[in-house]
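Residue strings, one per chain:
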Amino acid sequence: MESTTVKVIAAGGLTGDAVNQLTNELSKYKFKIMLKYQGTTTIANSSLGVMSLGVPEGATISISVDGTADQLNEVVTSLVDNGFVATD
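For clarity, every value in this text was computed on a predicted model and none was experimentally measured.

### A look at helix α1 (residues 16–26)
Okay, step 1: Along α1, the positions that sit buried rather than exposed are Ala 18, Val 19, Leu 22, Thr 23, Glu 25 and Leu 26. Down the axis of α1, the smallest arc covering the buried residues is 160°, so these residues share one side. Seen from the open side of α1, the exposed residues pointing more than 90 degrees away from its buried face are Asp 17 and Asn 24.
Okay, step 2: Elements that come into contact with the buried residues of α1 comprise β2 (33–37), α2 (47–53) and α3 (69–81).

Here is the structure:
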């Protein structure tokens, strides 16, 4: 499993429409993607799971994939390009 940390930059954090857009974006990947915030981990393509994390704007989260470093980079690049997160 590969992982990295990113900063949430989506306005208002990962709530409401941002969660729906994020999970739709991540559901296109065939490998398992997990998000972790304050010790709680959830599957990234589950809207309810991501919402339950309650991630505010500016928070640092961990993203992990059950795959390769290239797959992780692909996911992070997609999230950066769509304005959900920024890398350090």
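### Structural notes on the environment of Tyr 37
Okay, step 1: The topology assignment puts Tyr 37 in strand β2.
Okay, step 2: Here the alpha-carbon distance between Tyr 37 and Gly 54, two residues 17 residues apart in the chain, equals 8.5 Å.
Okay, step 3: Excluding residues that lie within four positions of it along the chain, Tyr 37 makes contacts with Leu 53, Gly 54, Val 55, Pro 56, Ala 59, Thr 60 and Ile 61.

### Some words on the sheet that holds strand β1 (residues 2–8)
Okay, step 1: Spatial ordering of the open sheet is given by β3-β2-β4-β1-β5, a layout of five strands whose pairing is antiparallel. Of all the strands in the sheet, just β3 (40–43) and β5 (85–86) have a single pairing partner and so form its edges.
Okay, step 2: Of the pairings in the sheet, the one linking β2 to β3 comprises four bridges and is antiparallel in character. Bridge pairing links Met 34 to Ile 43 in β3.

Rules used in this analysis
Residues numbered from 1 in each chain as written. Predicted model: local features only at pLDDT ≥ 70, side-chain atom pairs only at ≥ 80, totals over all residues. Heavy atoms only, no water. Buried < 20%, exposed > 50% of the residue type's maximum accessible area, 1.4 Å probe, protein only. Helix = DSSP H or I, 4+ residues; strand = E, 2+ residues; numbered from the N terminus. Arc of directions from axis to C-beta. Contact = heavy atoms within 4.5 Å. Pairing = 2+ DSSP bridges.

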